[in-house]
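Structural overview for review
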Amino acid sequence: MGCCSGRCALIFLCTFQLVTALERQVFDFLGYQWAPILATFTHIVVVILGLFGTIQYRPRYIVVYAVWAAAWVTWNVFIICFYLEVGGLSKDSRLLTFSLSRHHSWWHEHGPGCVHKEPAASLGPPGSQALVPGIGRTLEHGYVEALHSALQILVALVGFVCACHVVSVVTEEEDSFDFIGGSDPFPLCHVSEKPSSLSFEQACL
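Figured I'd write up the structure that's included with this text. These figures come from a predicted structure and were not determined experimentally. (Residues numbered from 1 in each chain as written. Predicted model: local features only at pLDDT ≥ 70, side-chain atom pairs only at ≥ 80, totals over all residues. Heavy atoms only, no water.)

**A word on the nonpolar core**
In globular proteins that are soluble, nonpolar side chains generally tend to be buried together. If you look at the biggest cluster of nonpolar residues, it comprises 17 residues, and the most contacted ones within it are Leu10, Cys14, Ile62, Tyr65 and Ala163. For this core, the elements supplying multiple residues, two or more each, are α1 (2-30), α2 (34-55), α3 (59-83) and α5 (141-180). When residues in this core are grouped by element, the largest group, six residues, is from α5. Look past the residues within four positions of Leu10 in its chain and what remains in contact with it is Thr54, Ile62, Tyr65, Gly159, Cys162, Ala163 and Val166. Core analysis: the second largest hydrophobic core is formed by seven residues, Val46, Trp68, Val73 and Ile153 among them. (Core = buried A, V, L, I, M, F, W, Y, C linked by side-chain atoms within 4.5 Å. Buried < 20%, exposed > 50% of the residue type's maximum accessible area, 1.4 Å probe, protein only. Helix = DSSP H or I, 4+ residues; strand = E, 2+ residues; numbered from the N terminus. Contact = heavy atoms within 4.5 Å.)

Below is the structure:
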């Protein structure tokens, strides 16, 4: 019963992680954030592997998922520190783009509350509009990214606990099955030894 409930919880968590990771991947692509794109792609692959291992009772795959969950938590802690500029990090640096472009997070210009402003006549064609970062914004893009990472950390921690529980239960069930003799390829070998010894004793008499 515990294994079934743990597996169901882990399957739900893996599915939820896939949905949130795909959503995050879309916005990372829009902002040309190459480091998060690679990390999220690896995360999606490992979550699919963990989901497959949970459904097919493959504890090794679940262990890989659990190890990656710890690494994923570390990565998202770094992202939070990066966008909140903790430890000397700057959210205006090109670290996440590998210095290949000057793009920032997609939320930098499309965050909640960002407004459009008519540019000056010398700066653009008539009737055009431009995004003005920081004007009318209700939430800074750094906080939006930090909230995304905080959600990933929370789900990953719960997934790590569920994965450890499922691996423990599945391993115990496999050990008990082996102890009973379910995997013994010659279950009748001990039964045939006694009659042969008895016939040998009768022949000696």
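**Quick notes on unusual backbone geometry**
Even without being glycine, Tyr57 reaches a positive phi, approximately 55°. One can find Tyr57 in the loop between α2 and α3. Positive phi, close to 55°, is recorded for Glu85, a residue that is not glycine. Along the chain, Glu85 falls in the loop between α3 and α4 (107-110). In this structure Glu85 comes out as partly exposed when scored by relative accessible area, which is 40%.

**Section: the packing of aromatic side chains**
Scanning the model with the defined rule gives five aromatic pairs in all. Plain terms: the ring middles of Trp75 and Phe78 are 5.6 Å apart, the flat faces sit at 40° to each other, and that makes the pair tilted. Remark: Phe78 and Trp75 occur in helix α3; sequence separation between them is three residues, near one turn of the helix. Its relative accessible area of 27% is what places Phe78 among the partly exposed residues. Here Phe78 and Phe82 contribute two aromatic rings whose centre-to-centre distance is 6.2 Å and whose plane-to-plane angle is 40°, an arrangement assigned as tilted. Note that Phe78 and Phe82 are positioned in helix α3 at a spacing of four residues, about one turn of the helix. Within the aromatic cluster, the residues linked to one another by ring pairs are Trp75, Phe78, Phe82 and Tyr83. (Phe/Tyr/Trp six-rings, centres within 6.5 Å; stacked < 30°, edge-to-face > 60°.)

**Here's the deal with the side chain of Arg24**
When you line up the elements, Arg24 lands in helix α1. Within the buried set, Arg24 has no salt-bridge partner at all; the shortest N-O distance to an opposite charge, 4.4 Å, is to Asp28. Within the structure, Arg24 has its side chain in polar contact with the side chain of Asn76 (distance 2.6 Å). For Arg24, the residues in contact, after removing those within four places along its chain, are Trp72, Asn76, Ile79, His148, Ser149 and Gln152. (Lys, Arg positive; Asp, Glu negative; His and termini not counted. Salt bridge = Lys/Arg side-chain N within 4 Å of Asp/Glu carboxyl O. Polar contact = N/O pair within 3.5 Å; in protein donor to acceptor, adjacent residues only side chain to side chain.)

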